[in-house]
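Each chain, written out:
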Amino acid sequence: MPEEYIKVVQDPQTKIWKSVNYPYGDIAKLSIGEKFLQTMRSVDPNKIIDHFYDTNTTKTAKDVYEQSILIAINLQRLGIKKGDCVIFYSMNNEWVAVLSLGCILIGALPNYCEVHLDEESTTGLFDLLEASAIFYEEKYLKKIQGCLANSKHKNYPQLIVINGEQQPNVKNDLLKQPEHPIDFDNFKSVEIKDTRDEIAILALTSGSTGLPKIVQITHALMLHGITIWWDNDENYAPLDENSVVFSFSPLRWISQVAVMLQSMLFGIKRVSSCGAPTGEYGFAVLRSSGITHLFVAPSIYHEILLQLDENDKESLKSIRSIQLGGEPASKVILELSKKHAVNAKNFHCYGMTEMSTVITNDIYINGGKPLPGYEVQILDDQCRPLVANQPGQIALRPPYPLKGYKSLDNSVYYNEQGLFVNGDYGLIDERGRLHVLARYKDLIKNNGEVIIPNALEYIAINIPEIYVARMAGYCKTPNDPNEVAAFFVVLNSNVTASQNEISAKIMDAIKPHLNERQLAMIEKIYFVDSIPLTTCGKVDRVALRKLAACKA
């Protein structure tokens, strides 16, 4: 391993930053199916690959391997073929992993649908995807049928229940033994002629840049993403045969898919959970499962850390690497984590569905050096490239082609040099480290002045009495192009100071970081019981802006 594993340089002509070290060229020559079969045939067949925490169900490498192949054969028997979309309309459950690999082995394209989307949005997604089959949990059947009834979908998809007895179902139809014995040792996955071009997964983006969109992820891009997932400048805790991985994100978030595939493509153990493992329940998962590598949004991790006793250094001692993603973590969270997870290092990771998982991963800052293979540009408001320490819009290019959004005009998301302009705002410093400062649309602008809400939130959240602080901009009248700002604050329990006193503390803390005109833009501080979150555990900025405007 080179002494400086990630060395980042900027091209003086194009102003594009990239790592000069790229060790993963051979990884993506295999398809996901080929890599899965290769790995499972070399792993101890009795090794536990999947541990489903809710039911204490475990699957060995032999179970995962044979069930995936059996499902692939039965999907073909049901008429599912290469290129067909198969929707997962469920929470995470013990069948998702083998169902996913069954699809991939025959070239069908899994999509993990957001079950909490409203019916209008779900109907729109059904129209967009035109799925050949939907795997579903029983409790969602009526919603699925209602959305399909309103859909423009020409061909009604097969509905295959995961946890019920309706026909067809996973237990009786997809795990059905064929008439002739299967030659598992010589089973071959579907031919993928070019892993850089052919699609492996259809992923639903968060919708933070607008309506949710379906992004097409190639085999090469997905394999690169899951391989590079834990990389960092120190390379402190790479995966090995004893690693145990866990992701706190919901099923449709790309990090959950990445960790699921890591388990089966590298032959390591994954712990899974059906429900949202927050608070006391999330703490129980971490304390009892021997997890070494975990991904978690800071807000969810904070809830878990608050469950620990003051001097508890035992409960989280198995953890070696913690990726905090979705938004930057506060100093309070990092200090609590260092206090209780004494054997772990905390990493600020930054990634996005479109690029297939992690782009940067750093111990000290939000972001860090672009990981090997990624190219980054920072652009001004006119999309002209900037140099070090100049903030602007972030544009990215992964090492393998991104196919873009399904059924949309993708050209609007790319600049002239072919980089994906992703809607984030940040800078790259003189050492080549990416600082993600905010969503570009969340900047608060007023007569030429700009407030970056994230920066002020992290100052406020370190005031001892404050549990959460978030800022949103809004227009005071519909025709006013200029915005003002409002703080939303959740207090810790047992706070004795008055709201006026805490408001004064907030303004005193942020005052050194703003000029007088910026300071005057902050018109309101609201004390609330909770902050709206998305299903991924991120702050719901759209809902927060609406709340600010409504209160005004």
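The next thing to look at is the overall build of the protein chain. Looking only at helices and strands, the protein chain features 15 helices and 26 strands. Taken over the C-alpha trace, the protein chain has a radius of gyration of 24 Å; the compact-globule value for 552 residues is 24 Å, and the two agree within 12%. A burial count over the protein chain gives 58% of its 552 residues as buried. Looking at the protein chain as shown, the accessible area adds up to about 23400 Å², and 49% of this sits on carbon and sulfur atoms. Each charge sign in the protein chain was given a centre, from 55 positive and 64 negative side chains, and these centres are 2 Å apart.

Summary: where empty space remains is shown by rolling a probe the size of a single water molecule over the atoms. Summed over all chains, the structure comprises one cavity of 30 Å³ or more. Roughly 30 Å³ of internal volume is contained in the largest cavity. Surrounding the largest cavity, D442, P453, M471, A472, G473, R541 and R545 form its lining. Listing elements by their share of the lining of the largest cavity, those giving two or more residues are β24 (466-474) and α15 (541-551).

Let us now look at helix α5 (residues 141-150). Among all positions of α5, only L141, K143, I144, C147 and L148 are buried. End-on, the buried residues of α5 take up no more than an arc of 165 degrees, which puts them together on one face. Looking at α5, the residues exposed on the side facing more than 90 degrees away from the buried face are K142, A149 and N150. Those residues of α5 that are buried lie in contact with β5 (85-89), α4 (119-129), β7 (133-136) and β8 (158-161).

Moving on: the layout of surface pockets. When its volume is computed, the second largest pocket comes out at roughly 560 Å³. Lining of the second largest pocket is provided by 23 residues; of these, A329, H348, Y364, I365 and N366 occupy positions nearest its centre. Of the residues forming the lining of the second largest pocket, the biggest block, four residues, is contributed by helix α12 (residues 453-460). When grouped by side-chain class, the residues that make up the lining of the second largest pocket number 13 nonpolar, seven polar and three charged.

Here is what the cut-offs are and how they apply
Residues numbered from 1 in each chain as written. Predicted model: local features only at pLDDT ≥ 70, side-chain atom pairs only at ≥ 80, totals over all residues. Heavy atoms only, no water. Helix = DSSP H or I, 4+ residues; strand = E, 2+ residues; numbered from the N terminus. Rg over C-alpha atoms; globule rule 2.2 N^0.38 Å. Buried < 20%, exposed > 50% of the residue type's maximum accessible area, 1.4 Å probe, protein only. Areas by Shrake-Rupley, 256 points an atom, 1.4 Å probe, with all protein chains shown as cover. Lys, Arg positive; Asp, Glu negative; His and termini not counted. Charge placed at Lys NZ, Arg CZ, Asp CG, Glu CD. 1 Å grid on protein atoms, 1.4 Å probe; cavity = no way out; pocket = protein on both sides within 12 Å on 5 of 7 lines; lining within 4 Å. Points joined across faces, edges and corners; volume = space filled by probe spheres on them. Arc of directions from axis to C-beta. Contact = heavy atoms within 4.5 Å. Nonpolar A, V, L, I, M, F, W, Y, C, P; charged D, E, K, R; others polar.

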